[in-house]
Amino acid sequence: MNNTLNTWGFALFSSHLHHFIPDISWEQHIVIFQEWEHYHSPKNKLLALPNMHLSNKIDWYGLPAGILVLFHLGDHLFWPQKLADEGIAFDLVMDRAVWEKNTAVLTALQRKCTVNGAKCCYFFSDDPMLIFKIKASLKQHRHVLIFADGTSAASAVDKRVEVDFLAGKLAVKPGIAVISYLLKCPIYALHSHMIEDVLILDLMHISLPNTPISRESYVMQTMQSLFAGFAAVMQQQPYRWECWGYLHRNGMWNPKNVNLSEDEKILVHFVKLPIQDGWAYFDRVNYMLYH
Amino acid sequence: MKLKNIEIRDVRQMNGLTRMEWTELSAMLSKDKDDEMELKCPILF
């Protein structure tokens, strides 16, 4: 029996992958899972600063101050340092729970993210003064870096909007678009792509609230665009999204909402998993356990 | 929780088993955290 196949980690990864990219065959899931495990593991030597470069097609220093958006593509903690190393000044918004859980790592990162003697500031998403702090950063020609995906489910105020994502929908926090609308600042969606063994950070999409549309419309359009661009990356390299592993825990996707397809039960959908005192069978299409 | 002594070879055999839906299942998983892995980067947000 293949040990990798008989784990909750694989079973849930595979369920999520099937729900969002149903065209991928079940047989291919184990290959993508192993790629994903290797890519995101601390042993992956590819994910290191010397292998990362900012695209030379972008005038990084000419961009008006705005919101830099990154996704959890495994390299997400390296890019802040790379941006700082290249002299691009920014502050970073995060959930307080994230700071509390990763204080040592984030303190070390903050030390490394210094541009012209000015350290990157961390802002908390629940800070009532957040909008004013971001406004002050932009005024000083500093960008503000925000991660669009992955969203911790820990915050007390957790308003979300639903966006199309591949074959499903994700519940995402709309803060990026709301801030952009209120402060009339651009959003720069950044995605890294791999050329041979080098990761290149590129500007994929710019949103700018310069048309007379309502806040609600702008927020929806913008979040939809951000995730449409991200979905295109996922279609090509699904193993790069760290969130496949914990999508059911961060509030972006609730498997309870899956449309049950009881008539389409096929043996290949099931993964045999260990439970307390024996084995059970997990239905990867319907997120149900039989024991 | 007791699993019946059965090796599934046909989905019709599922009919005789107890079914646990996602709400209950996710509560069980969050206690065990069996689905976690060590990541290169800590989870942000």
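This text goes with the structure placed above it.
Bear in mind that the values here come from a model prediction, so they are computed numbers and not experimental data.

Please explain the sheet that holds strand β14 (residues 288–290) of chain A as it appears in this structure.
Within a sheet, adjacent strands bond to each other through the backbone by hydrogen bonds, running parallel or antiparallel. On the basis of which strands lie adjacent, the open sheet formed by four strands has the order β12(A)-β13(A)-β14(A)-β1(B) and antiparallel pairing. Single-partner strands in this sheet number two, and they are β12 (270–275) of chain A together with β1 (19–20) of chain B.

How should unusual backbone geometry be read in this particular structure?
With the exception of glycine, the majority of residues adopt a negative phi angle, and the majority of peptide bonds are in the trans configuration. Of note, the phi angle at K184 of chain A is positive, near 50 degrees, even though the residue is not glycine. As for its placement among the helices and strands, K184 of chain A is situated in the loop between α7 (175–183) and β10 (187–195).

Help me out: how do you make sense of the sheet that holds β10 of chain A in this one?
Residue and element names in this part refer to chain A. Taken together, the seven strands give an open sheet; going across it, the order is β1-β11-β10-β2-β7-β3-β6, and neighbouring strands pair in mixed fashion. The open sheet has two edge strands, β1 (52–54) and β6 (122–124), and neither has a second partner. Pairs of neighbouring strands in the sheet enclose a mean axial angle of 30 degrees, with direction left out of account. With nine bridges joining them, β10 and strand β11 (residues 198–207) adopt antiparallel strand pairing. Note on β11: the bridge partner recorded for M194 is L199.

Even after reading the chapter, I still don't get the packing of helix α6 (residues 130–139) of chain A against α7 of chain A, so can you show me in this structure?
The geometry of a pair of packed helices is captured by two quantities: the angle between their axes and the separation between those axes. Residues and elements named next belong to chain A. Two elements in contact, α6 and α7, have axes separated by 11 Å at closest approach and are oriented at 65 degrees. Two packed elements cross with a definite hand, and for α6 against α7 that hand is right-handed. In this structure, α6 contributes I131, I134, K135 and L138 to the contact, and α7 contributes I179, L182 and L183. Taken together, the residues that form the contact of α6 with α7 break down as six nonpolar, no polar and one charged.

How each quantity is defined
- Residues numbered from 1 in each chain as written.
- Chains lettered and ligands numbered in written order.
- Predicted model: local features only at pLDDT ≥ 70, side-chain atom pairs only at ≥ 80, totals over all residues.
- Pairing = 2+ DSSP bridges.
- Helix = DSSP H or I, 4+ residues; strand = E, 2+ residues; numbered from the N terminus.
- Axes fitted to C-alpha atoms, helices over the stretch in contact; angles between N-to-C directions.
- Left-handed = near helix turned anticlockwise from the far one by under 90°.
- Contact = placed C-beta atoms within 7 Å.
- Nonpolar A, V, L, I, M, F, W, Y, C, P; charged D, E, K, R; others polar.

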